[in-house]
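Residue-level structure breakdown
Chain by chain, the residues:
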Amino acid sequence: MDINQSHSIGVFDSGVGGLTVVKELLSQIPDAPLIYFGDTARTPYGIKGPDTILRYSIENTKFLISKGATIIVVACNSASSVAPEKLRNMFNIPVFEVISPAVELVVKITTKGRIGVIGTRATIESRIYEKMIHNYNKDFKVIGQPCPLLVPLVEEGWLKARETKMIVRKYLRPLKQQQIDTLILGCTHYPLLKDIIQQKIGKRVKVIDSSSEVAKKVKTYLKLNNIVFDNKERPLHQFYLSDISSVTKEIAIRFLGQKISIKKAISAL
Ligand code: DGL
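We now turn to the structure provided with this report. (Residues numbered from 1 in each chain as written. Predicted model: local features only at pLDDT ≥ 70, side-chain atom pairs only at ≥ 80, totals over all residues. Heavy atoms only, no water.)

It is worth spelling out the overall build of the protein at this point. In terms of regular secondary structure, the protein is built from 12 helices and 12 strands. The C-alpha atoms of the protein give 18 Å as radius of gyration, which agrees with the globular expectation for 269 residues (18 Å, within 12%). A total of 269 residues make up the protein; the buried ones form 54% of that total. Once local pairs closer than 6 in sequence are excluded, the contacts in the protein between residues at least 24 apart make up 76%. When the accessible surface of the protein is totalled, it reaches about 12,800 Å², and 50% of it is carbon and sulfur. (Helix = DSSP H or I, 4+ residues; strand = E, 2+ residues; numbered from the N terminus. Rg over C-alpha atoms; globule rule 2.2 N^0.38 Å. Buried < 20%, exposed > 50% of the residue type's maximum accessible area, 1.4 Å probe, protein only. Contact = heavy atoms within 4.5 Å. Areas by Shrake-Rupley, 256 points an atom, 1.4 Å probe, with all protein chains shown as cover.)

Structure follows, in structure tokens:
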């Protein structure tokens, strides 16, 4: 058994949204030390082109490795849609992303092979979910819907606002018309709207949250590789952001459900 205190899981996202993935990692692998980097200075990624997102992802990974990360989790869907393969080739360390775990689950549980995916423009335009799902079954129909207004609504804390419900309903309408049986939440921010999304899409549609799926994947990897964190005390987690504004801490608490001490990542970019 590799009782190795030097292993750390580095998680990056375009901002604080990736804390939904951290929340799952903390609950499923509580002993693992985490290093989080949120690129708040350059957020959002979801409206940027693939080359820019890839460049940022490489820089973010370098930063996490410089802080001691030995395993990388790309928590951002927009980055996961363009960067993982390149990161694996460049850095030669395990790189997890949030797309394939959701895909593996959806292909198992879809009943009619009609799958909806919601995400940022970058994620939906990459058609990554469609490509991955078609690797399992070409007959599955994948309907993507970009939902660009949802990220700012979540960051503003409008989680239960009437306006948010109306916008969610409008975004989901085409997916409802296509009679999807499963819906993937393809963005870090959407788990915070899961109840509204479930309500608007209807209770017969299964809603999949990639954050819990990627945490399961990492947990399995650690087990298969006999990596055990023998922490006598609580593991030390580190949270870095490339920009800290007056509302950052408040938003971070909303995503993580607990207070954290955040450091500015001066050397990141
Ligand atoms: N983290 C991004 C994602 O999951 C959402 C926020 C952004 O656009 O940067 O795609």
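What follows concerns unusual backbone geometry. Omega for the bond connecting threonine 43 with proline 44 falls within 30 degrees of zero, at 0 degrees, which places this linkage in the cis form. Position of proline 44 relative to the elements: it lies in the loop between β3 (34-38) and α2 (50-66). A positive phi angle, near 55 degrees, is found at asparagine 92, a position not held by glycine. Residue position: asparagine 92 is located in the loop between α4 (84-91) and β5 (95-97). Asparagine 92 sits in the exposed class, given a relative accessible area of 70%. The phi angle at arginine 127 is positive, at roughly 55 degrees, despite the residue not being glycine.

One open sheet accounts for four strands, arranged β7-β6-β8-β9; its pairing is parallel. Each edge of the open sheet carries a strand with a single partner, namely β7 (141-146) and β9 (206-209). On average, each strand axis in the sheet is inclined to that of its neighbour by 20 degrees, with strand direction left out of account. Where strand β6 (residues 114-119) lies against β7, six bridges are found, and the strand directions are parallel. Following the sheet pairing, glycine 119 is matched in β7 by proline 146. Across the sheet, helix α9 (residues 162-177) touches β6, β7 and β8 (182-186), and the angle it forms with β7 is around 165 degrees. Along the sheet face, helix α11 (residues 210-224) touches β8 and β9 and points at about 55 degrees away from the line of β9. (Pairing = 2+ DSSP bridges. Axes fitted to C-alpha atoms, helices over the stretch in contact; angles between N-to-C directions.)

This paragraph deals with the side chain of threonine 182. Topologically, threonine 182 is positioned in strand β8. The contacts of threonine 182, once residues within four sequence positions are left out, are Val106, Ile109, Thr110, Arg114, Ile115, Gly116, Val205, Lys206 and Ile208.

Of the strand pairs in this sheet, β8 and β9 are connected by four bridges, and their pairing is parallel. Following the sheet pairing, isoleucine 184 is matched in β9 by isoleucine 208. Handedness of the crossover joining β8 and β9 through helix α10 (residues 194-201): right-handed. (Right-handed = clockwise from strand over helix to strand, strands pointing away.)

With that settled, consider the packing of helix α5 (residues 99-109) against helix α7 (residues 128-136). One can describe the packing of α5 onto α7 by two numbers: an axis separation of 10 Å at closest approach and a directional angle of 45 degrees. Our classification of the angle between α5 and α7 gives oblique. Note that α5 runs across α7; the crossing there is right-handed. Two secondary-structure elements touch here, α5 through Ile99, Ser100, Ala102, Val103, Glu104, Val106 and Val107 and α7 through Ile128, Tyr129, Met132, Ile133 and Tyr136. (Parallel < 35°, antiparallel > 145°, perpendicular 65-115°, else oblique. Left-handed = near helix turned anticlockwise from the far one by under 90°.)

Across all of its chains, the model carries one cavity of 30 Å³ or more by this definition. Put simply, the largest cavity is a space of about 40 Å³. Every residue lining the largest cavity is listed: Thr20, Val21, Ala75, Asn77, Val98, Leu185, Cys187, Thr188, Pro191, Asp209, Ser210 and Ser211. Secondary-structure elements contributing two or more residues to the lining of the largest cavity are α1 (19-28) and α11. (1 Å grid on protein atoms, 1.4 Å probe; cavity = no way out; pocket = protein on both sides within 12 Å on 5 of 7 lines; lining within 4 Å. Points joined across faces, edges and corners; volume = space filled by probe spheres on them.)

By definition, a disulfide links two cysteine residues through a covalent bond between their sulfur atoms. Taken as a whole and assessed by the stated rule, the structure comprises zero disulfides. For cysteine 147, which is in no disulfide, the shortest distance to another cysteine sulfur is to cysteine 187 and amounts to 8.6 Å. Relative accessible area serves as the criterion here: at 1%, cysteine 147 is assigned to the buried category. This cysteine, cysteine 187, is not joined by any disulfide, and cysteine 76 carries the nearest cysteine sulfur, 7.4 Å off. (Disulfide = S-S within 2.5 Å.)

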